[in-house]
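Residue-level structural notes
Okay, here's what each chain looks like letter by letter:
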Amino acid sequence: MSGGGSGLWRLPGLATARSYKREWLRTDIVAGLVLTALLIPAGMGYAEAAGLPAYAGLWATIVPLLAYAVVGPSKILVLGPDSSLAPLIAAAVLPLAAVGDPEDALALAGILAVLVGAILVLGGFLRLGFVTELLSKPLRIGYLNAIALIVVVGQLPKLLGFSVDASGLFAEIGEIVGSVVAGDVDNVAAAMGIAGLVVIVAFRRWLPRIPGVLVAVVGSIVATALLGLDDDIEMVGALPEGLPLPQFGGVDWDDVLSLLGPAAGIALIAFADSGVLSRTFAARHGEDVDGSTEMKAIGTANIASGLFGGFPISASGSRTPVAEQAGARTQLAGVVGAAAVLVFVLVAPGVTAYLPDATLAAVVIVAATALLDVPGMVRMWRLSRIEFALALAAFVGVALVGVLEGILVAIGLSFVAVVARAWQPYRTELVELAGTGFHDVNRHPEGHRIPGLVLIRFDAPLFFANGSIFADHVRKVLARGETPIEWVIIAAEPITGLDTTAVDELVDLDRALESSSIRLVFAELKGPVKDRVIRYGVADRFDESRFFPTIESAVEAYRNRGSTTGSAPDSAPGGSGPE
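Residues numbered from 1 in each chain as written. Predicted model: local features only at pLDDT ≥ 70, side-chain atom pairs only at ≥ 80, totals over all residues. Heavy atoms only, no water.

Quick reminder of the rule: UniProt positions are given in the numbering used here, feature names are shortened, and annotations may be inferred rather than shown by experiment.
The protein chain has the name Sulfate transporter in an unreviewed UniProt entry, where Gordonia rubripertincta NBRC 101908 is given as its organism. The UniProt entry for the protein chain carries the following comment under Subcellular location (unreviewed entry): "Membrane".

Next comes the structure, spelled out in structure tokens:
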């Protein structure tokens, strides 16, 4: 086989096809058909939540599943429209779209998906899979809780059969309450919507093996057709005939530039969600997924979605577990699901003309509530007030300021928290405990100090923001000394970094101590950090005699100072600690 052919077969989906086992076929087909029951209503519902035509959700389901089956490294990850992305898409697209023109909004959403995909593909080639670390657990919990609230509030008017024009969460809640009080609720629509909620929740609780979403959707379609309700309440409407083609008419370069910022934010969220799901499900099956390969695959699926009538997508946290529980073994389950949805679109596009908007709102509301994690917030409050504050900031920012703005603010606060921890790290004096070494004096007040010696530990890298804090801490400990101090030993293992500002602080501190006949030495300083000291040109001051491989060897050198020159003992000359 030629080199090009070999390269083609290295695509994850095709590689899986080469090693496919016949016994997997039945379970993959069954899983794909089960998955179809969720793909259709979920896709349409999330499209509506994003302010787009419901049918766009089906193309954003079919195309990404087929694309990911070829290039995706995870064997059972299910891609498609997602509730966490819907508000992001709406916030990016609707302000640019012509008022009341769903086709204009869909064209912009297609461009947005292509931009998201291009960013992810580029990030994958640049090996940027680590960017998900920007979204820490507190941010994700706060973000998901806010998204759940935004989606639920946004769907309540459809559930109850009226519309609101307010923008902003508080204004929208106020208008919803006002409409309910004024009696604007459509009783028929509300009955259909609330019945859908009850059915979905009841089946999820007592008959989880039967997809309650499918029961609610089919039941509402049948009831609408039998009772002739399609002229009485708002319907999703029949699907357009034929296959979708790229339709970017009316979109200019100014719109594209306006979408770049939102695209970057959506790309980060989409990959964060997909990356976590991919790693989680791969680990369950004893497999490993490369983050950058996953990034390229999610990007490719987004580009395909945007080119064929869809919008930005990510992995689904609700449909992927369904596929797994139904026995999916490979990407074929997603292909079967996509094919089944395609058959529905081509054979029975008119069925959705009898699907009430209220029922679709019920589907979205139940899915959105699955994003809520109130116990997670409570647990975070108990474990770390700082992380709880970050989660709360993400929640408030996303819910009140805006989805994209809130995420950026929360990420900024995370960086501030990281800097704050390094700026004011834990620092302490060490004391000797007989037979067990040297320990924190705050935890072991029974320990004893060695006369004339001070042992200090500083639990952070030294950089411009904390160099003076480190020096001040040394001076404060010395000021508490009961006997004249001759040596200061820095237990330096936690010091994993050093910049030029911190080096200057160390030199100033050493000069001040030297003027008082106090020797400053380092124990367990890591090799790379010591190399920086040499590289910064102060090796003549901090020569080899200042570095010891262990605290014990430094203390031993202090105790033997009368019989030596004060340098490191022969057993460990010039030691620099762990390399």
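The structure having been displayed, the exposition proceeds.
1. Side note on the overall build of the protein chain
Note the threshold: Helix and strand definitions here come from DSSP, where helices need a minimum of 4 consecutive H or I residues and strands a minimum of 2 consecutive E residues; each element is numbered from the N-terminal end. Restricting the calculation to C-alpha atoms gives the radius of gyration, and the globule rule supplies 2.2 Å times the number of residues raised to the power 0.38. Accessibility here uses a 1.4 Å probe with only protein chains present; expressed as a share of the type maximum, an area under 20% marks a residue as buried, one over 50% as exposed, and anything in between as partly exposed. Contacts are residue-level and defined by heavy atoms, with any inter-residue pair within 4.5 Å sufficient. Where accessible areas are quoted, they stem from the Shrake-Rupley method and a 1.4 Å probe; at the residue level, only the protein chains shown are allowed to cover. Counted as positive: Lys and Arg. Counted as negative: Asp and Glu. His and the chain ends are not counted at all. We put the charge of a Lys on NZ, of an Arg on CZ, of an Asp on CG and of a Glu on CD.
When helices and strands are tallied, the protein chain shows 22 helices and eight strands. In terms of overall dimensions, the protein chain is more spread out than a globule: its C-alpha atoms have a radius of gyration of 31 Å, far above the 25 Å expected for 579 residues. Buried positions account for 52% of the 579 residues belonging to the protein chain. For the protein chain, contacts bridging at least 24 residues in sequence account for 80% of all contacts bridging at least 6. Accessible area of the protein chain: about 26,200 Å², with a carbon and sulfur share of 62%. Of the charged side chains in the protein chain, 39 are positive and 55 negative, and the gap between their average positions amounts to 10 Å.

2. A few points about a nonpolar patch on the surface
As a reminder of what qualifies: Here a patch means residues that are over 30% exposed by relative accessible area and free of salt bridges, tied together within 9 Å if like-charged and within 5 Å if nonpolar (Val, Leu, Ile, Met, Phe, Trp, Tyr). By salt bridge we mean one thing: a side-chain nitrogen of Lys or Arg within 4 Å of a carboxyl oxygen of Asp or Glu.
A surface patch of nonpolar side chains, amounting to about 730 Å² of accessible area, comprises Phe 170, Ile 173, Val 177, Val 181, Leu 392, Val 396, Leu 400 and Val 401. Those elements that provide at least two residues to the nonpolar patch are helix H8 (169-181) and helix H17 (385-401). By secondary structure assignment, the location of Leu 400 is in helix H17.

3. Examining the sheet that holds strand S8 (residues 547-548)
For sheets, the rule is that strands pair by backbone hydrogen bonds, running either parallel or antiparallel. For clarity, the threshold we go by: Being paired, for any two strands, means DSSP has found at least two bridges between them.
Across the sheet, which stays open at both edges, the six strands sit in the order S4-S3-S5-S6-S7-S8 with mixed pairing between neighbours. Bordering the open sheet on either side are strand S4 (437-440) and S8, each of which pairs with just one other strand. Relative to strand S6 (residues 487-491), strand S5 (residues 453-458) is paired through five bridges, and the arrangement is parallel. Its bridge partner lying in S6, Leu 453 is registered against Trp 487.

4. Concerning the pairing of S5
Summarising burial for S5: five of the six residues are buried, a large majority. Sheet analysis places strand S3 (residues 427-433) next to S5, joined by four bridges and oriented antiparallel. Note that in S5 the partner of Arg 427 across the bridge is Phe 458.

5. Focus: the environment of Asp 101
Locating Asp 101 in the fold gives a position in the loop between helix H5 (86-93) and helix H6 (102-125). Taking relative accessible area as the criterion, Asp 101 reaches 32% and is therefore assigned partly exposed. Distance from Asp 101 to Leu 52, taken between C-alpha atoms, is 9.6 Å for residues 49 residues apart in sequence.

6. With respect to the nonpolar core
How we decide: Side-chain atoms within 4.5 Å are what join buried Ala, Val, Leu, Ile, Met, Phe, Trp, Tyr and Cys residues into a set we call a nonpolar core.
The biggest cluster of nonpolar side chains holds 98 residues, and the ones touching the most others in it are Met 44, Leu 58, Leu 79, Ile 89, Leu 112, Phe 311 and Val 345. Those residues within four positions of Ile 89 in sequence are excluded, and the remaining contacts are Ala 50, Leu 52, Leu 94, Leu 112, Ile 266, Phe 311 and Pro 312. Listed in part, the 32 residues of the second largest apolar core include Val 474, Leu 498, Val 507 and Val 533.

7. Structural notes on the packing of helix H7 (residues 137-160) against H17
Keep this limit in mind: Convention adopted: a line fitted to C-alpha atoms gives each axis, helices being fitted over their contacting stretch, and angles between N-to-C directions are expressed from 0 to 180 degrees. Should an angle fall under 35 degrees it is taken as roughly parallel, and over 145 as roughly antiparallel, whereas 65 to 115 is taken as roughly perpendicular and any remaining angle as oblique. Crossing handedness is read from the near helix: turned anticlockwise from the far helix by less than a right angle, it gives a left-handed crossing, and turned clockwise, a right-handed one. Lys, Arg, Asp and Glu make up the charged group, whereas Ala, Val, Leu, Ile, Met, Phe, Trp, Tyr, Cys and Pro make up the nonpolar group; the residues left over, Gly among them, are polar.
At their nearest, the axes of H7 and H17 sit 7 Å apart, and the two run at 30° to each other. Accordingly, the angle class assigned to the pair H7 and H17 is roughly parallel. Crossing handedness for the pair H7 and H17: right-handed. Residue-level contacts link Pro 138, Leu 139, Gly 142, Tyr 143, Asn 145, Ala 146, Ile 147, Leu 149 and Ile 150 of H7 to Glu 387, Leu 390, Ala 391, Ala 394, Phe 395, Val 398 and Ala 399 of H17. Classifying every residue of the contact of H7 with H17 by side-chain character gives 13 nonpolar, two polar and one charged.

8. Considering the side chain of Asp 440
Quick reminder of the rule: A 3.5 Å cut-off defines polar contacts: any pair of N or O atoms within that distance qualifies, except that in protein one atom must be a possible hydrogen donor and the other a possible acceptor, and neighbouring residues in sequence count only when both atoms are side-chain atoms.
With respect to the helices and strands, Asp 440 occurs in strand S4. Within the buried core, Asp 440 has no salt-bridge partner, and the shortest N-O distance to an opposite charge, that of Arg 443, equals 4.5 Å. Looking at Asp 440, its side chain comes within polar contact range of the side chain of Tyr 426, at 2.4 Å. What Asp 440 contacts, discounting residues up to four positions off in sequence, is Tyr 426, Thr 428, Glu 429 and Leu 430.

9. Remarks on the pairing of strand S7 (residues 519-523)
To keep it simple, the criterion reads: When the strands point away from the viewer and the path from the first strand over the helix to the second turns clockwise, the crossover is right-handed.
For S7, the buried fraction is high: four of the five residues fall into the buried class. Across five bridges, the pairing between S6 and S7 is parallel. Residue Ile 490 lies in a different strand from S7, and its bridge partner there is Phe 522. Handedness of the crossover joining S6 and S7 through helix H20 (residues 500-515): right-handed. Bridge count between S7 and S8: two bridges; the pairing is parallel. Note on S8: the bridge partner recorded for Ala 523 is Phe 548. Taken together, S7, helix H21 (residues 527-535) and S8 form a β-α-β motif whose crossover is right-handed.

10. Looking at the packing of aromatic side chains
Heads up, the condition is: Any Phe, Tyr or Trp ring, taking Trp's six-membered ring, that has another such ring centre within 6.5 Å forms a pair; planes under 30 degrees apart are called stacked, those over 60 apart edge-to-face, and the others tilted. The criterion for a charge sitting over a ring is simple: Lys NZ or Arg CZ within 6 Å of the ring centre, and within 35 degrees of the ring normal.
Tallied over the entire structure, the rule returns eight aromatic pairs. Centroid distance Trp 487 to Tyr 558: 5.6 Å. Interplanar angle 55°. Geometry classified as tilted. Of this pair, Trp 487 sits in strand S6 while Tyr 558 is found in helix H22 (residues 551-559), placing the two residues 71 residues apart along the sequence. The burial state of Trp 487 is the same as that of Tyr 558; both residues are buried. Taking the centre distance of 5.7 Å and the plane angle of 75° together, the rings of Phe 522 and Phe 542 count as edge-to-face. Within this pair, whereas Phe 522 is found in strand S7, its partner Phe 542 is found in the loop between H21 and S8, the two being separated by 20 residues in sequence. Looking at Phe 542, the relative accessible area reads 3%, which means it is buried. Members of the aromatic cluster, each reached through a chain of ring pairs, are Trp 487, Phe 548 and Tyr 558. Above the face of the Phe 125 ring, Lys 296 is positioned so that its terminal group lies 4.5 Å from the ring centre. Across the ring face of Trp 381, the terminal group of Arg 385 is positioned such that the distance to the ring centre comes to 3.8 Å.

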